[in-house]
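Observations on chain architecture
The chain contents come next:
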Amino acid sequence: MTPAGRPAGDLISPAENTWCPGCGNFSIEHMMKSAIAELSEEERIPIENFVLLGGIGCHGKLVDYLNVNSFYGIHGRSVPAATGIRLANPDLKVICHVGDGDIYAEGLDHLLFAAKRNSDITVIVHDNRVYGLTTGQYTPTSPAGFRGRSTPGGITEHPLNPLEVMLAAGATHIARGYTRKVQHLKGLFKEAIMHRGFSFVDVLQICATYFNLTDYYNEHAYEMKEDEVDTGRFESALGKIREWDYDREAPIPLGTFYSVGKPIYEEEFRALTADRSDRRALVRNVIEEWR
Amino acid sequence: MTEYSVLIGGKAGEGINTAGLSIAGLFSRLGYRTYMYFDYPSLIRGGHNFAIIRASEKAIGAHRTPVDVLLAFDQNSIENHRESIHGGTTVVHDASQVMRGEGYGLPLDAIVKEEKAPPITKNSAMLGALARVAGIGPDVLEDVLRESVPAKHLEANLRVARRGYDAVEGVFTVEPLDGPALPVLTGNEVTGLGLVHGGLDSYVAYPMTPTSNLLHFLAERAEDLSLRVIHPENEISVIMMALGLAYAGERAAVGTAGGGFCLMTEGLSLAGMSEIPVTIVVGQRPGPSTGIPTYTAQTDLHFVLNAGQGEFPRFVVAPGDLAETYSWSATALALSWKYQVPSIILTDKTLAEGACSFDLGAVTMHPDREPELWGGTGEYRRYARIKSGVSPLAFPGRAGTIVKANSYAHDEAGFTTEAAGEVTALQEKMLRKGESLKEELSTYPTVRTYGARDAGRTIVCWGSEKWACIEAAEEFDARVVQPLVLAPFPARAWKEAMIGAGNVVCVENNATGQLARLLRQQGFDPGRSVLKYDGRPFAVDELAARLKEVFA
Ligand SMILES: Cc1ncc(C[n+]2csc(CCOP(=O)(O)OP(=O)(O)O)c2C)c(N)n1
Ligand code: SF4
């Protein structure tokens, strides 16, 4: 039971689930549910203090499927909304569920800036490396040569390595998970949610219908050991992040690459808004000064 | 009526705006009502900037072309304003810059050198000269400088001002009035103050003329007003952050101009569908696209009325002066919360960056309105379909409650749905909210009228053109009718205001007659249009001349 009196199972909402059978989004949903339930119990965080945001795409449906506060936003724009929510209420744990098309194509500027300012939010990318809901076009992390419905001849561009981009932008917590390694994934979620500052988890998510990379990931992905990367050092993290570039065939490290503390953006405003007793008197004072 | 007009002109970077405000302060100190129009191209140095400051014993809100005193820092400031100079105009110029000068020439370069003062103090020399020409005592001059100049530069400014004062002679005498010395504020400043009066918690904006100064003003005063002021990466983030703030229970407003509002339209639709309140200040300037960035227009009316995809209610108000800006900014914020709709405050460069005497004591505020909050019994449904269409609000973090906001079509609890019945009910609920808002507005002064009902001639106008129209109307004994609220359109109040209107003229700062088009859509006859679309507002005399042709 959670402090709010609800077992984890109750966090599943009555909304009908419409993901394809075998979709990696199921793992993300269930591990998010468990992460929230366990954090609620272990860290005494009331369930009502979690807020989930969704972008637009298959991934976004997750916010409907959990009985948790949610803001089902628009394509690529959940990150600035999350910052607004965290600004308004520091007790809230604000978690964005975004797609790779959603956030690396439409929403990249917001992602970079949230990392740059160390906004105290968590971004979980459902990185299936394809546009699911619009039926199979390439995304910024599709590998070169990928044949999507808008690029039947195969794309000639190379993918972004989003972890490298996030490290450069100033993210203070960077991790990668895989939807077939669910316990590991849950641990990454809990760690990211509890991180004070901007946390980012790129989840290699199986799209069963348009880009099923199960065999490829099963063969290449591995969980990093404790001492494989020094998560407090930029260069160490960068080296490990570059081991696989989403394009060439290479071992794919999973786990936390980087995690450091920095001042939190939202907290810089605290002093300004401390006293809001009589705003109208404040307005009158300001006008008086002009006389 | 006693009134005075002063024009001060020079190059960008010479502090013409600040000097203009000091001149307004000089008259204000003597109990006059003042208005300042500031004209500047979009460049940082060079070009030609000028301000026209008008002072009167009664309330004003527009400029006139002829001036009593012209203060010229360069040749352009004389040549470009030949039409403002008449027999009674006193010209004071900087003799170090103006070759073919007339009136008094002040050797400003020599003065600042001799006084060991920085070049920007030349403005004080002009101010000093103006004071002497207008028979304003040195004590008043000093007082104004003391208030407007930072302490460490004060002595130098006072010395230079005195040199200007001594270099000319008295020409006329501005008699002090026994009115109060009112503060001179810009429309941007008053918009900000009105929003805070209405309960603003955060202001979020990306810089864009003519509302950048609203961002600057609130940022500068954030601590004094207990306000959070945020400048994020672009306008898309601006409106999304505001929606995040509001979803979590804080009142937020954003500010921009047409170009930035283009980017905000996806957030606007999201606000409509998710029913999250947001207040948007749109300062109009000529478009399309970058247009003429630092000039004025009334060209975005139909854009703000129609922006965003889909069908949802919104509130749009276009204040015409500072008093209306103050009360309606507070009201726009309150109504956006009460009805959970986007509110748009439509201003323009003339109003936003123009300055005017502001009498807070004389502003009639509308009654306070609070949003309906959820009482806490039963299961919370964010989009409960009650009769008014307005579902009670709750915010995340409240024990035992989950709050699901949704951009998708949704059921009462906030879960996504595409079922035909649900979709119909949702759309009807949203429209009912608009009807409730319209009903509430029937008790507000949504349409204002000036002049006698039996005039037989009516000038229709909106926004910042209001005062030019009121003054021009006096010359024709015409009536003025001004809609303040443009959505939901106050059709009943409009009909009532236009009874016996007679010969109707619709005055606007655009090329196609946007208010006229709206009136026609609503089934009203807008009469004949008098339009100006060169990026400048009507001067009172200029408008009167145009009206003469129509009313003849
Ligand atoms: C502004 C805008 N452009 C396009 C779309 C159409 N659209 C819906 S989902 C989507 C792509 C989603 O891809 P991704 O983020 O990878 O999510 P997935 O469906 O794979 O989870 C697009 C382009 C939209 N909803 N809004
Ligand atoms: S299209 Fe792909 S991502 Fe979308 S539900 Fe199906 S399997 Fe999942």
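Described in the following lines is the structure provided in the data block. Treat the numbers as computed from the prediction; the structure is a model and nothing was measured. (Residues numbered from 1 in each chain as written. Chains lettered and ligands numbered in written order. Predicted model: local features only at pLDDT ≥ 70, side-chain atom pairs only at ≥ 80, totals over all residues. Heavy atoms only, no water.)

**Structural notes on the interface of chain A and chain B**
The test is simple: Whether two residues touch is decided by their heavy atoms; if any such pair falls within 4.5 Å, the residues are in contact. Note: buried area is the sum, over both parts, of the accessible area (probe 1.4 Å) each one loses when the two are combined. Only one rule defines a salt bridge in this text: a Lys or Arg side-chain nitrogen within 4 Å of an Asp or Glu carboxyl oxygen. Here a polar contact is recorded for every N or O atom pair within 3.5 Å, except that within protein the pair must consist of a potential hydrogen donor and a potential acceptor, and residues adjacent in sequence are included only if both atoms are side-chain atoms. Only runs of H or I of at least four residues qualify as helices and only runs of E of at least two qualify as strands under DSSP, and these elements are numbered from the N terminus. Three residue categories are used. Nonpolar comprises Ala, Val, Leu, Ile, Met, Phe, Trp, Tyr, Cys and Pro, charged comprises Asp, Glu, Lys and Arg, and polar comprises the others, including Gly. In short, DSSP must find at least two bridges between two strands for them to pair.
In this complex, chain A contributes 49 residues to the contact, which on the side of chain B involves 61 residues. Taken together, both faces of the contact between chain A and chain B bury some 4700 Å²; the carbon and sulfur share is 58%. Joining chain A to chain B, the criterion identifies seven salt bridges. Salt-bridge contacts for R221(B) lead to E289(A); the nearest nitrogen and oxygen are separated by 3.1 Å. On inspection of chain A and its partner chain B, the count reaches 26 residue pairs in polar contact (both at pLDDT 80 or more). Every element with two or more residues in the side of chain A that touches chain B is listed here: α2 (62-65), β2 (69-72), α3 (78-88), α5 (108-116) and α10 (279-288) of chain A. Its residues placed into classes, the side of chain A that touches chain B shows 25 nonpolar, 11 polar and 13 charged. Two strands pair when backbone bridges link them, and β2(A) and strand β15 (residues 404-406) of chain B are joined in this way by three bridges, in the parallel orientation. Looking at β15(B), one finds that Y72(A) is bridged to N406(B).

**A closer look at helix α1 (residues 16-29) of chain B**
Residue and element names in this part refer to chain B. Worth spelling out the cut-off: Here the expected span of a helix is defined as 1.5 Å times the quantity of residues minus one. Relative accessibility thresholds used throughout: buried, under 20% of the residue-type maximum; exposed, over 50%; partly exposed, between the two (1.4 Å probe, protein chains only).
Taking 1.5 Å of rise per residue, the 14 residues of α1 would be expected to cover 20 Å, and the 20 Å separating its terminal C-alpha atoms lies within 8% of that figure. Regarding α1, the residues found buried are I16, A19, G20, S22, I23, A24, G25, L26, F27 and S28. Two residues or fewer past α1, G31 is found with a positive phi of approximately 90°.

**Brief notes about the site of ligand 2**
The condition that has to hold: Neighbouring residues are identified by heavy atoms, a residue being near a molecule or strand if any of them is within 4 Å of it.
Around ligand 2, a shell composed of W19(A), C20(A), C23(A), C58(A), N128(A), Q205(A), C207(A), A208(A), T209(A) and Y210(A) is seen. Its residues assigned to classes, the shell around ligand 2 comprises seven nonpolar, three polar and no charged.

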